[in-house]
Amino acid sequence: MSHLTGKQVLAIVTNYGVEQDELLEPVRHLRDRGAVVTVAAVTGDDVRTLVGDEKPGETVAPDTTIDEVDPAGFDLLLVPGGTINADTLRLQAPAVSVVEAFTSSGRPVAAICHGPWALVEAGKVSGARLTSYPSLATDVRNAGGTWVDEPVVRDTGAGYPLITSRNPKDLPDFLREIDAILEAV
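(A) Spatial organisation of the pattern of salt bridges. This model, assessed by the stated rule, comprises 10 salt bridges. The salt bridge involving Asp-63 is made with Arg-31; its shortest N-O contact spans 3.6 Å. Taken together, the positions of Asp-63 in the loop between strand 5 (55-60) and strand 6 (64-65) and Arg-31 in helix 1 (residues 20-32) put the pair 32 residues apart, joining distant regions of the chain. A relative accessible area of 47% means that Asp-63 is categorised as partly exposed.

Structure (structure tokens):
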């Protein structure tokens, strides 16, 4: 099925520690539906994914680096989790700038598991209702967001469309909401 043909999705990750399924399942799902997905990493080196934050996963070649990508041409930002990935990503100024570019322009962001840390770092969760891996609940609340324990949350309370999920088990719900939001843009 190609109902997302022409939609442009940007996934931002570090080169080590992204949760395998939180990157690869959305990328495959979206590409299978006709979307163009660009994976931008901190460097041009391969992205080494992990399974459950500890076991080696698949290796992925990024399409570009976060420094080199122009976020203006994309319809949706995907921020996968993985504790190491998300904790490192939020310390990368170019990644925070990409988050700010999407949220400031009102374009959708989809973040799963620890991915919302990048939104917290960018100061973009105030007023939002969202979910994440439970260990981020206090960070979300301290940043002005409302944290809930639900499989997927779609919200616009921070001034942009936001889709969040808790972990890889929530991927079917997460992907359903990504599809719905991309069909509407």
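(B) Fine view of the nonpolar core. By size, the foremost hydrophobic cluster in this structure holds 31 residues, and its most contacted members are Leu-10, Ile-12, Leu-77, Val-79, Val-98, Val-109 and Leu-119. Put simply, the parts of the chain that give this core at least two residues each are strand 1 (8-13), strand 7 (76-79), helix 2 (83-89), helix 3 (93-104), strand 8 (109-112), helix 4 (117-121) and helix 5 (137-142). If you tally residues by element for this core, the top one is helix 3, at five residues. Apart from the residues within four sequence positions on either side, Val-79 is in contact with Ile-12, Leu-89, Val-109, Ala-110, Ala-111, Ile-112, Gly-115 and Ala-118. Ranked by size, the runner-up nonpolar core spans 28 residues in total, among them Leu-4, Val-9, Ile-178 and Ile-181.

The rules behind the values
Residues numbered from 1 in each chain as written. Predicted model: local features only at pLDDT ≥ 70, side-chain atom pairs only at ≥ 80, totals over all residues. Heavy atoms only, no water. Salt bridge = Lys/Arg side-chain N within 4 Å of Asp/Glu carboxyl O. Helix = DSSP H or I, 4+ residues; strand = E, 2+ residues; numbered from the N terminus. Buried < 20%, exposed > 50% of the residue type's maximum accessible area, 1.4 Å probe, protein only. Core = buried A, V, L, I, M, F, W, Y, C linked by side-chain atoms within 4.5 Å. Contact = heavy atoms within 4.5 Å.

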